[in-house]
Amino acid sequence: MDWQIQRFGRVSTVTGRKFEPGDLVVCLIYVGPEGDIQRADMHQEEEADFDVMEQSLLGRWVRSVKEKLGDEDNSQSIQSTEDLFLGLFQHDRSEDSEEVELLKHFLGLMLERRRVLKPEGPRAHSGQQTYIHTKSKQSYQVPVLALEPEMLLRLHELFEDLIL
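If you're wondering where the values come from, they're calculated on a predicted model, not measured in any experiment.

Definitions and cut-offs
Residues numbered from 1 in each chain as written. Predicted model: local features only at pLDDT ≥ 70, side-chain atom pairs only at ≥ 80, totals over all residues. Heavy atoms only, no water. Pairing = 2+ DSSP bridges. Helix = DSSP H or I, 4+ residues; strand = E, 2+ residues; numbered from the N terminus. Axes fitted to C-alpha atoms, helices over the stretch in contact; angles between N-to-C directions. Contact = heavy atoms within 4.5 Å. Buried < 20%, exposed > 50% of the residue type's maximum accessible area, 1.4 Å probe, protein only.

> Mind laying out the sheet that holds strand 6 (residues 139-143), listing which residues take part and the relevant values?
Strands in a sheet are paired, the pairing made by backbone hydrogen bonds, and the direction either parallel or antiparallel. The strand order across the open sheet formed by 3 strands is 4-5-6, and the pairing between neighbours is antiparallel. Strands with a single pairing partner mark the edges of an open sheet, and in this sheet they are strand 4 (117-119) and strand 6. Averaged over all pairs of adjacent strands, the angle between their axes in this sheet comes to 40°, without regard to strand direction. Two elements, strand 5 (residues 128-133) and strand 6, share 5 bridges in a ladder whose sense is antiparallel. From the neighbouring strand, Y131 faces strand 6, where its bridge partner is Y140. Each of strand 4, strand 5 and strand 6 touches helix 2 (residues 98-113); the most contacted strand, strand 6, lies at about 120° to it.

> Talk me through unusual backbone geometry; I want residue IDs and the actual numbers.
One non-glycine residue, R115, adopts positive backbone phi at about 65°. Relative to the assigned elements, R115 resides in the loop between helix 2 and strand 4. Classification of R115 by relative accessible area gives exposed; the value is 71%. Backbone geometry at K137 places phi at a positive 65°, although glycine is not the residue there. K137 gets classed as exposed once you look at its relative accessible area, which sits at 60%.

Here it is, written out as structure tokens:
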């Protein structure tokens, strides 16, 4: 099963203003009031106007809007997935929630398939799998989970607003 993270927005969540090439855009993934995972894209200067509680924030990253070059949609989708994965590791958490652990595991598998992450050492069947980010050579400890049907249903719920 292949899951798609919502593509980079074309307009600001805060003001509805269109993103232009060269604009710096803040992307946030957070747990909404209903417990679902939501994404918000906004101009960097609008971030202060967007109300999200720190404890509900799962990931934050900044990206620059690029010119659209035909078949770049797939590449931007992979980049968005990569940004989300890396964003999950930016915040120091003493203990990740079950949802964050599930996202890390699932996104790690997706990015391994796309060769953005490379497993280090033998395949782990429990505990943690070390992945090396191919661009930065940074290592990430990703929880290894057995993807049961209930977990896939939970993933579907988590991505309800992010799936295309």
